[in-house]
Amino acid sequence: MTNGWTDVANADVILVMGGNPAENHPVGFRFVMEARLKRKAKLVCVDPRFTRTAAVADLYVPIRSGTDIAFLGGLIHRAVSTGKYQADYVRQHTNAGFLIQEGFGFADGHFTGWNAEKKSYDKSTWQYELGPDGFAKVDPSLEHPRCVFQLMRQHYARYTAEKVSDICGCTVAEFERAADEILVAHAANKSGTVLYALGWTQHSHAVQLIHAAAMVQLLMGNIGMPGGGVNAQRGHANIQGSTDMGAWNMLPGYLKIPRANLTSLDEYLHANTPKALRPDAMNYWGNTPKFMVSLLKAYYGADATAGNQFGYQWLPKIAEGANHSWAYFFDHMTEGKIDGLISWGMNPVANGPNTKKMLMGLAKLKWMIVAEVFETETAGFWKAKELAEKYYPQAGDAASIQTEVFLLPASCFAEKDGAFVNSSRWLQWKETNLEPPGDAKRDQEIMSRLFLKIRELYEKEGGTAPEPLRMMKWDYATPYAPSLTEVTREVSGRDLSTGKQVSGFGELKDDGSTVSGCWIYSGSYPESGNLMARKGQDDPTGLGLFPNYSWSWPANRRILYNRASLDTAGKPWDETRAPLRWDGLRWKGDVPDYKADAKPSQYGSFVMLPEGVARLFAPELVEGPFPEHYEPAESPVENALHPEVSFNPMAWVIQGAGDQLGVAKDYPYVGISYRLTEHFHYWTKNTAASAQLQSNFFVEVPEALAKEKNIASGDIVRVTSARGKVEGPALVTKRLRPLKISGRTVYHVGLPIHWGFIGRIHGPLINNLTASVYDPNSGTPEYKGFLVNLEKV
Amino acid sequence: MTQTVVKLIDTTLCIGCKACEVACQEWNDQEFTLGTFGGTYQTMPDLAPNFWNLIKFNERETDGGLSWLMSKYQCMHCGDPGCLRACPAPGAIVQAKNGIVDFVSDHCIGCGYCITGCPFDVPRLLPESKKVYKCTLCSDRVAVGLEPACIKSCPTNCLTFGERTEMLRVAETRAGVLKQDGHAQAGVYNPVGVGGTNVLYVLKDASDPAAYGLPADPTIPLSVRLWKGPVKWLGTMLFAGGVLGSFFHYLKFGPKEEEAPEE
Amino acid sequence: MISRREFGLTTAFGFSLASAQAAVRELKISRTTQSRSVCPYCAVGCSVIVHSLGDKARNVRSSVVHIEGDTDSPVNRGTLCSKGISLKQFVNSDRRLTRPLYRAPGAQEWQAISWEQAYEKMARAIKTSRDQGFVEQDAQGRTVNRLENIVMMGGCTDTNEINYLISKFRFGLGLLPYENQSRL
């Protein structure tokens, strides 16, 4: 979230789209209700399903799964064509006036630079036009035909209300009513927020979808404003913190893992430290060397010196062009290229696309280590045939599966201290008073003992490349079971010259004199103590920022980009709702997303970006600088804008073992998978309470389709895709409205996800139906919008 | 003086999250059981001896479009409780001064008369233990100044708790706001037929409580009303047999409207 | 930790609510030790108070008797959803794993294994794979120190500190294939 849960109460308009907070974040949803009660805020819910969020919304608009960009593009078109955008904000705080290179354009489904043979883009036309001074050229009038604003206007001119209706399946009137509600937020004294979740991220064009939402919010002047922002409601207690600590291509703090061509730290820093694109851009990522060197010092301690590039050589380097994300490593697994898997509290058999493929992959492993609280489908994958052959007929007999499996009893949240980061980016420290049950151990102990044992083997016997392993510091006071307080102090960072904890990332240095394991958390544990454990109740701004409750990254800032809540001169857009004020010497209020004592006009308002302003035009994304409507990889219809390029040309469509795509002729309905409020992912099928609330898997079937197929509630139905099948009782409902798409009727089939073959309650895994199709920017699978057939059993 | 406590349910704020269902079972140490598929999102088709608090889901298509009403169903803690009137077992049902109508299992004889007496069809008999169970409004929590478990858990402020006069004012104010917002029929459900209830509802359409699963004009059945007075202990005698001790207890202590000790 | 006294104060009403004492069972959290934790499910980040029996005496194993929302949290102010309010069922679930289990190649069943044996075998398996798969220099002779034949996943259910240790574990081995479930 750019803002946070408590801040949602400041909104005048709440767009819930690609999420279902009343069901999946019910407690966060209380701030939606508060905004409605206290501010008479309007709740607009756009979703293929009439959810529990829709049930309490002021306006519900159904759309076909996977057509959100068309809807948002329609909003952009309507805002720009009717003047309902916050013009001063757009001019001052976005790249609307930046000129783009000659030759940039979009036609027939592709942006310029498409190479059909290589299936990739040459992005050279997607760049800013630079002046002789090396800075981007800007037309503040926004009238230059090659400025971002004009290109955007032109790009979205195709997204008329009629076209939106034709693609999404809502009526023109429904779209227009929603647009009227949402665009109210363009007034400087109105704020609108956007709440989304996996309903947006699980598409083959997901990142572009979030980009489209950011564009709407920038046009409305809602970024940086209380009650505004683009807010991801994250789905696991610490998925934010886990992401902050790295990804397949990331080190902690969103520093990139080097590619093989960057053979020295200097080359790495040169390639990964952006240069300012405008004279007033603060370009905070310009400090990358300080963050990177402090991380290397945290990893390699005294062995990291200026003379050995602070141990840069010990870090792994990714081959150019290689991809080690989920999409590809599972494919590599089925090809027998992977020996082993270490899973720390994750259940790929349940949560990965195409269950058949997951099972195939794991069966090819030599060994697998699973640290868990419960036995999962992953730990017990070799039982799939025995327990549920009906769904997984291709799974091998246990006797034929040669994978050696270790299932390690780990500890649950209440048995460990440490910090979780919630969606608001608040790091909240836990206390514990409990021991894990029986012979279960705390995770830090399991991991440390395993790490130290491996190292011991290398010390005793030698082996390949012992140095990176030996150099990684594990020198905690109790190395086999480190105190998480000691670990978190290392993460927050210290100054080696004074031995004191640093108070924030502003103190980090690139000369090896500071340590910080994750620069964005720097300052969470200063000399004064653990700020994440704070329970302060004060809220001086009255905006729900609670600056002394827990600690939020970065720098305890509660609203990201809050500098944009004022104009360039330093006047708040809305005096009644200003998170920041300039008192002539310093910024007061929230921790400024700006230099604390810099005059309002000194820097551009988006300090992290080399432009100094926010990007309506975002050339770093792989499939285009503007979001474009693409159909899901499996769609019941052609793309109404460009039938010849129907789905995202850059999407990762894995076509390895077990992968098939279906077509509408065989699989005419749109399948969507989702959570129910009664369960949490694949865990609570093990707990008595949730097992009671929804004991049984079911398939939600639209009333009209049920009638067509003579299906009554409770009848067993079979849902099939090109990958597999599931079976369960039908729940016939009016809440899945048939949609008219280009004159034909499209039905959704609803598939809640919480069951599996191991647990207190049993049912099919929904991912038995989903495909190995991924968003190319994030590697997220397309779980919303895949083709299925439905029949009565 | 002890004040009457009230649970207020603002149906316009319910999101059907079922936190209250689970909070109730969890606090009251009720066993969780598995359900069979009933064709709706509802946890169970009905209340049960271990399940005192049910959210009902009701899909309706009207002129205004689709609606999905979620409404909470539990003991109403009536001012004039039909269950108490019907109960032949001394001390098995008590009405505390704070308005809580509580079942005391130790004294329950499992006759099920309270079930007949309840105009809201709330009490449930567990055949195995031959006892009848229902919501206690968490009398143990309320006794030490805590709110009932369901109230505390509710994320959206749909459930609130407080002193009766104040909660009636809050409810009327909220209904007034709803009227201003265009819901002309908004109102408070506090039926007089049972002496008012200490569970109040704010309804968007108070002219149609049935849509929320609430009886429009609940009254205590005539048979139960007659049962009150001399006929009652006659019936008790006929029924009780083995619980003669309790009968004498009744004669000695009179009606069971429990006086809460003053603090 | 917060004292029982504070707990009472934060939730007490401003008026007397005494009920018929005869009908009222004893408050089950009147003698518990309380610790403040955070719900492990979604990322709203609701704070909870874990009520356990046992006073941390050496010979006593604490057990959870109740988990309830923490009113001090501006996020949840004491409220919880159906999953959060039943966290006791998660902590105390009879399905919790309580000892290391091992499944030999081709086996039909789990078998018990000691931690010591498990560490030995796991470390051996990892070392064997790493020794075979590790690439110190690529075809162009560039130092790359990478491992591509072991996959690591997880972290989103655990704390920042565990995730940081995962990063050290991972980069100590040189391991690249990784997924933390942010997408799934």
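So, how was this worked out
- Residues numbered from 1 in each chain as written.
- Chains lettered and ligands numbered in written order.
- Predicted model: local features only at pLDDT ≥ 70, side-chain atom pairs only at ≥ 80, totals over all residues.
- Heavy atoms only, no water.
- Helix = DSSP H or I, 4+ residues; strand = E, 2+ residues; numbered from the N terminus.
- Buried < 20%, exposed > 50% of the residue type's maximum accessible area, 1.4 Å probe, protein only.
- Contact = heavy atoms within 4.5 Å.
- Areas by Shrake-Rupley, 256 points an atom, 1.4 Å probe, with all protein chains shown as cover.
- Axes fitted to C-alpha atoms, helices over the stretch in contact; angles between N-to-C directions.
- Parallel < 35°, antiparallel > 145°, perpendicular 65-115°, else oblique.
- Nonpolar A, V, L, I, M, F, W, Y, C, P; charged D, E, K, R; others polar.
- Buried area = accessible area lost by both parts, 1.4 Å probe.
- Salt bridge = Lys/Arg side-chain N within 4 Å of Asp/Glu carboxyl O.
- Polar contact = N/O pair within 3.5 Å; in protein donor to acceptor, adjacent residues only side chain to side chain.
- Pairing = 2+ DSSP bridges.
- Core = buried A, V, L, I, M, F, W, Y, C linked by side-chain atoms within 4.5 Å.
- Phe/Tyr/Trp six-rings, centres within 6.5 Å; stacked < 30°, edge-to-face > 60°.
- Lys NZ or Arg CZ within 6 Å of the ring centre and 35° of its normal.
- pLDDT = per-residue confidence, 0-100.

**Notes on the overall build of chain B**
Scanning chain B from N- to C-terminus turns up nine helices and 10 strands. Burial analysis of chain B (263 residues in total) assigns 58% to the buried set. Sequence separation of 24 or more characterises 62% of the internal contacts of chain B that already satisfy a separation of 6 or more. As presented, chain B carries roughly 10500 Å² of accessible surface, and 56% of it is formed by carbon and sulfur atoms.

**Observations regarding the overall build of chain C**
Helix and strand counts for chain C come out as four helices and nine strands. In chain C, the succession of α and β elements from N to C terminus is α-β-β-β-α-β-β-α-β-β-β-α-β. A total of 184 residues make up chain C; the buried ones form 67% of that total. Considering only intrachain contacts with a sequence separation of at least 6, the fraction spanning at least 24 residues in chain C is 37%.

**Observations concerning the packing of helix α4 (residues 68–82) of chain A against helix α7 (residues 161–168) of chain A**
When two helices pack together, you describe them by how their axes are tilted relative to each other and by the distance separating the axes. Residue and element names in this part refer to chain A. Where α4 contacts α7, the axes come no closer than 9 Å and their chain directions differ by 170°. Classified by the angle their axes make, α4 and α7 are roughly antiparallel. Listed contacts from α7 to Ala-70, Phe-71 and Gly-74 of α4 are Val-164, Ile-167 and Cys-168. Here the residues of the contact of α4 with α7 are counted per class, giving five nonpolar, one polar and no charged.

**Structural notes on the interface of chain C and chain A**
Between chain C and chain A, the residue contacts involve 117 residues of the former and 170 residues of the latter. Of the roughly 12600 Å² buried at the junction of chain C and chain A (both faces included), carbon and sulfur atoms supply 62%. When the area that chain C buries against chain A is broken down by residue, the three leading residues are Met-153, Arg-183 and Leu-184 of chain C, summing to 7%. Taken together, the links from chain C to chain A amount to nine salt bridges. Between Glu-490 of chain A and Lys-168 of chain C there is a salt bridge, with its nearest N and O atoms 2.8 Å apart. At the junction of chain C with chain A, the criterion picks out 72 residue pairs in polar contact (both at pLDDT 80 or more). For the side of chain C that touches chain A, the element with the highest residue contribution is helix α3 (residues 115–133) of chain C, accounting for 15 residues. When its residues are assigned to classes, the side of chain C that touches chain A shows 53 nonpolar, 34 polar and 30 charged. As judged from the five bridges shared by strand β12 (residues 340–344) of chain A and strand β8 (residues 150–154) of chain C, these two strands associate in the parallel manner. Bridge pairing in β8 of chain C links Trp-344 of chain A to Gly-154 of chain C.

**Some points on the pairing of strand β2 (residues 47–53) of chain C**
The side chains of a regular strand alternate, residue by residue, between the two faces of the sheet. All names here are of chain C. Most of β2 is tucked away: six of the seven residues are buried. In the sheet, strand β1 (residues 33–38) pairs with β2 via six bridges, with the strands oriented antiparallel. Its bridge partner being in β2, Arg-36 is matched across the sheet by Ile-49. In this structure, β2 lies alongside strand β3 (residues 63–69), joined through six bridges in antiparallel fashion. Looking at the pairing, Ile-49 lines up with Glu-68 of β3.

**Some words on the side chain of Thr-43 of chain B**
Mapped onto the elements of the fold, Thr-43 of chain B is located in the loop between α1 (19–27) and β2 (54–62). Those residues in contact with Thr-43 of chain B that sit more than four places away from it in its chain are Gln-692 and Leu-693 of chain A together with Lys-18, Glu-21, Phe-51 and Leu-54 of chain B.

**Concerning the pattern of salt bridges**
Within this structure, the stated rule accounts for 78 salt bridges over all chains. Taking the shortest distance from any N to any O, the salt bridge between Lys-441 of chain A and Asp-439 of chain A comes out at 3.8 Å. A residue is classified by how much of its surface remains accessible, and Lys-441 of chain A, at 24% relative accessible area, is partly exposed. Note that Arg-169 of chain B and Glu-166 of chain B form a salt bridge whose closest N and O atoms lie 2.9 Å from each other. Of this pair, Arg-169 of chain B and Glu-166 of chain B both sit in helix α6 (residues 164–180), three residues apart, which is roughly one turn of that helix.

**What about the pairing of strand β8 (residues 192–196) of chain A?**
Residues and elements named next belong to chain A. Summarising burial for β8: five of the five residues are buried, a large majority. Residues of β8 alternate between two faces, with Gly-192, Val-194 and Tyr-196 on one and Thr-193 and Leu-195 on the opposite face, all of them buried. The sheet contact formed by strand β1 (residues 13–17) and β8 spans four bridges and is parallel. Bridged to Val-16 within β8 is Leu-195. Relative to strand β9 (residues 230–232), β8 runs parallel, the two sharing three bridges. Opposite Val-194, over in β9, you have Val-230 as the bridge partner.

**Here's the deal with the sheet that holds β3 of chain C**
Residue and element names in this part refer to chain C. If you walk across this open sheet you meet the three strands as β1-β2-β3, and the pairing is antiparallel. Across the chains shown, the open sheet's two edge strands, defined by having one partner strand only, are β1 and β3. Across the sheet, the mean angle from the axis of one strand to that of its neighbour is 30°, orientation sign disregarded.

**As for helix α2 (residues 30–39) of chain A**
Residues and elements named next belong to chain A. Considered for burial, the residues of α2 that qualify are Arg-30, Phe-31, Val-32, Met-33, Ala-35 and Arg-36. Residues of α2 that are buried make contact with β1, β2 (42–46) and β8. The positive-phi residue at the C-terminal boundary of α2 is Lys-40, with phi of around 55°.

**A few points about the sheet that holds strand β9 (residues 178–179) of chain C**
On the basis of which strands lie adjacent, the open sheet formed by seven strands has the order β5(C)-β4(C)-β14(A)-β13(A)-β12(A)-β8(C)-β9(C) and mixed pairing. Of all strands in the sheet, those bounded by a partner on one side alone are β5 (111–112) and β9 of chain C. Sitting on the sheet, helix α14 (residues 326–334) of chain A is in contact with β8 and β9 of chain C, with an inclination near 135° to β8 of chain C. Where helix α4 (residues 160–173) of chain C meets the sheet, it contacts β12 of chain A together with β8 and β9 of chain C, and its direction lies at approximately 175° from that of β8 of chain C.

**Section: the environment of Lys-509 of chain A**
Residue and element names in this part refer to chain A. Its location among the elements puts Lys-509 in the loop between β18 (500–501) and β19 (514–515). Of the residues examined, Lys-509 reaches a relative accessible area of 35% and is grouped as partly exposed. Spatially, the C-alpha atoms of Lys-509 and Arg-234 are 32 Å apart, while their sequence positions differ by 275 residues. Sequence-distant contacts of Lys-509, that is, excluding residues within four places in its chain, are made with Lys-290, Val-293, Ser-294, Asp-495 and Thr-514.

**Some points on the environment of Asp-131 of chain C**
Of note, Asp-131 of chain C is situated in helix α3. Residues in contact with Asp-131 of chain C, not counting those within four places in the same chain, are Tyr-458, Gly-463 and Thr-464 of chain A.

**Let's talk about the nonpolar core**
Core analysis: the largest hydrophobic core is formed by 186 residues, its most contacted members being Phe-413 and Leu-751 of chain A. Residues within four places of Phe-413 of chain A in sequence aside, it is in contact with Phe-420 and Lys-430 of chain A together with Ser-37, Val-38, Pro-40, Val-48, Ile-67, Leu-87, Phe-90 and Val-91 of chain C. In terms of nonpolar packing, the next biggest core, distinct from the first, is built from 96 residues, Tyr-312, Val-421, Leu-508 and Ala-598 of chain A among them.

**What about the packing of aromatic side chains?**
Each aromatic ring pair is characterised by the separation of its centres together with the angle its planes make. Scanning the model with the defined rule gives 63 aromatic pairs over all chains in all. Taken together, a centroid distance of 6.0 Å and an interplanar angle of 50° make the contact between Trp-426 of chain A and Tyr-549 of chain A tilted. Taken together, the residues Trp-426 of chain A in strand β16 (residues 426–430) and Tyr-549 of chain A in the loop between β19 and β20 (551–552) connect sequence positions 123 residues apart. With respect to class, Trp-426 of chain A is no different from Tyr-549 of chain A; both count as buried. When the centroid spacing of 6.4 Å and the interplanar angle of 45° are considered together, the rings of Trp-652 of chain A and Tyr-774 of chain A count as tilted. Here the residue Trp-652 of chain A occupies a position in strand β23 (residues 652–653), and Tyr-774 of chain A occupies one in strand β31 (residues 773–774), the gap between them amounting to 122 residues. Positioned above the aromatic ring of Trp-68 of chain B, the side-chain terminus of Arg-735 of chain A is 3.9 Å from the ring centre. A cation sits over an aromatic face here: Lys-127 of chain C above Tyr-458 of chain A, 4.6 Å from the ring centre.

**With respect to the confidence of the model for chain B**
Residues and elements named next belong to chain B. For chain B, per-residue confidence averages 87 on the pLDDT scale, and 86% of positions sit at 70 or higher. Note on residues 234–257: pLDDT under 50 across the span, and 30 contacts to partners over four residues away in sequence or across chains. Under a pLDDT of 50 for its full length, residues 259–263 has, in the predicted model, 15 contacts with residues more than four places off or in other chains.

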